[in-house]
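# Structure at a glance
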Amino acid sequence: MLDADSLGLLRETSEKYGYSARVIHKLLRLARTSADLEGEEQVRLKDIEKVLTCRELDKSNSKMVVVK
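Reference entry: report on the structure contained in this document. (Residues numbered from 1 in each chain as written. Predicted model: local features only at pLDDT ≥ 70, side-chain atom pairs only at ≥ 80, totals over all residues. Heavy atoms only, no water.)

## Some words on the overall build of the protein chain
So the rule is basically this: Under the DSSP-based scheme used, a helix requires at least four consecutive residues in state H or I and a strand at least two consecutive residues in state E, with every element numbered from the N terminus. Note on areas: these come from Shrake-Rupley sampling with a 1.4 Å probe, and a residue is covered only by the protein chains present in the view.
For the protein chain, the count of helices and strands is three helices and zero strands. Accessible surface, the protein chain: about 5,300 Å² in total, of which carbon and sulfur atoms supply 56%.

## Describing the pattern of salt bridges
Condition: What makes a salt bridge here is a side-chain nitrogen of Lys or Arg within 4 Å of a carboxyl oxygen of Asp or Glu, nothing more. Each residue is placed in one exposure class: buried if its accessible area under a 1.4 Å probe, protein chains only, is under 20% of its type's maximum, exposed if it is over 50%, and partly exposed if it falls in between.
The full count for this structure, using the stated rule, is six salt bridges. A salt bridge links Arg 44 to Glu 38, with the nearest nitrogen and oxygen atoms 2.8 Å apart. Judged by relative accessible area, Glu 38 falls into the partly exposed class, the value being 34%. Lys 46 serves as the salt-bridge partner of Glu 38, at 3.3 Å between the closest nitrogen and oxygen. Owing to a relative accessible area of 44%, Lys 46 belongs among the partly exposed residues under this scheme. Counted as one network, the salt bridges with shared partners bring together Glu 38, Glu 40, Arg 44, Lys 46, Asp 47 and Lys 50.

## Details of the side chain of Ser 34
The condition that has to hold: Polar contacts, as used here, are pairs of N or O atoms within 3.5 Å; protein pairs need one atom able to donate a hydrogen and one able to accept it. Residues neighboring in sequence count only if both atoms are side-chain atoms. Whether two residues are in contact is decided by their heavy atoms, any of which lying within 4.5 Å being enough.
Within the element layout of this structure, Ser 34 appears in helix H2 (residues 21-37). Side-chain polar atoms of Ser 34 contact the side chain of Lys 50, separated by 3.2 Å. If we skip the residues at most four places from it in the chain, Ser 34 touches Asp 47 and Lys 50.

## So, the packing of aromatic side chains
Filter applied, for reference: The criterion for an aromatic pair is that two Phe, Tyr or Trp rings (for Trp, the six-membered ring) have centres within 6.5 Å, with stacked assigned to planes under 30 degrees apart, edge-to-face to planes over 60 apart and tilted to the rest.
Using the criterion set out here, one finds one aromatic pair in the structure. Taking the centre distance of 5.9 Å and the plane angle of 20 degrees together, the rings of Tyr 17 and Tyr 19 count as stacked. A relative accessible area of 11% places Tyr 19 in the buried class.

## Comments concerning the environment of Arg 11
Positionally, Arg 11 belongs in helix H1 (residues 4-17). Judged by relative accessible area, which is 47%, Arg 11 ranks as partly exposed. In the structure, Arg 11 is positioned 13 residues away from Ile 24 in sequence and 9.0 Å away in space, judged by C-alpha atoms.

## Some words on the environment of Leu 9
Residue position: Leu 9 is located in helix H1. A relative accessible area of 23% means that Leu 9 is categorised as partly exposed. When the C-alpha atoms of Leu 9 and Leu 52 are compared, they prove to be 9.5 Å apart, with 43 residues separating the residues in sequence.

If you want it as structure tokens, here you go:
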């Protein structure tokens, strides 16, 4: 279960960036893992924000080009 703020952030971000259902599911699993690591029973807004930040970092790093 997600609270209204977490669900809203996830929905807003997915619409803005066009995330597929597969990507959203992956983000939710990562958020669940983050909550588990901190001993929390519920996925919190903090967990959703953390995985979205990591997703953006991952996307920005994937655009790097190695020049030899």
